[in-house]
Amino acid sequence: AVWVRELVARAEGDLQGVRSASTMAALRLELPNLRAGLAHDLAHAPVEALRTSARLMWFWIRSGLLDEGNMVLAKAMAAAPYAPLGDVVRAQVSSAGLFYFTGEVTTARRMLSEAFLAVRSEPGHRSLLAEVRYYQALVQLPGGDPEVALTASAEAHAIATETQTSWLIAATAM
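Quick look at the structure, then. (Residues numbered from 1 in each chain as written. Predicted model: local features only at pLDDT ≥ 70, side-chain atom pairs only at ≥ 80, totals over all residues. Heavy atoms only, no water.)

The helix and strand tally for the protein chain stands at 11 helices and zero strands. Secondary structure elements of the protein chain occur, N-terminal to C-terminal, as α-α-α-α-α-α-α-α-α-α-α. Once the C-alpha set of the protein chain is aligned to its principal axes, its extents read approximately 45 × 35 × 30 Å. Counting over 174 residues, the protein chain shows a buried share of 45%. Accessible area of the protein chain: about 8700 Å², with a carbon and sulfur share of 59%. With 15 positive and 17 negative side-chain charges, the protein chain shows a spacing of 2 Å between the two charge centroids. (Helix = DSSP H or I, 4+ residues; strand = E, 2+ residues; numbered from the N terminus. Buried < 20%, exposed > 50% of the residue type's maximum accessible area, 1.4 Å probe, protein only. Areas by Shrake-Rupley, 256 points an atom, 1.4 Å probe, with all protein chains shown as cover. Lys, Arg positive; Asp, Glu negative; His and termini not counted. Charge placed at Lys NZ, Arg CZ, Asp CG, Glu CD.)

All right, on to the pattern of salt bridges then. Note that side chains of opposite charge can pair when their charged atoms are close. Counted under the stated rule, the structure contains 10 salt bridges. With a closest N to O distance of 3.4 Å, Arg55 and Glu12 form a salt bridge. Of this pair, Arg55 sits in helix H4 (residues 46-55) while Glu12 sits in helix H1 (residues 2-12), and the two are 43 residues apart along the sequence. What makes Glu12 partly exposed here is its relative accessible area of 35%. Note that Arg126 is salt-bridged to Glu162, the shortest N-O span being 2.9 Å. Of this pair, Arg126 sits in helix H9 (residues 126-138) while Glu162 sits in helix H10 (residues 146-163), and the two are 36 residues apart along the sequence. Residue class for Arg126 comes out partly exposed when judged on its relative accessible area of 27%. The exposure class of Glu162 is partly exposed, given its relative accessible area of 48%. Beyond isolated ion pairs, a larger network of salt bridges with shared partners links Arg5, Asp41, Glu48, Arg51 and Asp87. (Salt bridge = Lys/Arg side-chain N within 4 Å of Asp/Glu carboxyl O.)

For the pair helix H2 (residues 20-29) and helix H3 (residues 31-44), the least separation of the axes is 4 Å and the interaxial angle reads 65°. It follows from the interaxial angle that H2 and H3 lie roughly perpendicular. Facing H2, whose interface residues are Leu27, Arg28 and Leu29, H3 presents Leu31, Pro32 and Leu34. The residue inventory of the contact of H2 with H3, partitioned by class, reads five nonpolar, no polar and one charged. (Axes fitted to C-alpha atoms, helices over the stretch in contact; angles between N-to-C directions. Parallel < 35°, antiparallel > 145°, perpendicular 65-115°, else oblique. Contact = heavy atoms within 4.5 Å. Nonpolar A, V, L, I, M, F, W, Y, C, P; charged D, E, K, R; others polar.)

These figures come from the coordinates and say nothing about function on their own.
Okay, here's the thing in structure tokens:
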């Protein structure tokens, strides 16, 4: 399980970057090991399962494993109710992303609202707040509230700039 955690931690940043294709291929090859490591951690180290499954958001999405990803995230959130705030919010954001891509936009918006309420006044989680606001803007499209999208996007960009979160600066500048 430790090997899987380390693999996913190294891969997380590459899932959307220039190495995304090779990272996705490597993770697909390791899918049986990912599943085994996550199953082990769900039983023996639920906070680690929560952290690892949240880091896999873009893997779950790009592999079409939306239901599996959400199932693992739900089990991890239930198994680790006292996990650190950052891990819980990242898991909520990841799950919201998966729900969004399955067409469950209302559920995604609700989860992101809960994540926002949890992290908005936590000074140690400014980068995470920017990420939550970014995804809150995205889930307004299509059919959402354009004002919410603009406000959330502007706030995400301002915080990302303040915290020098490079991927988010670029993403929110679109």
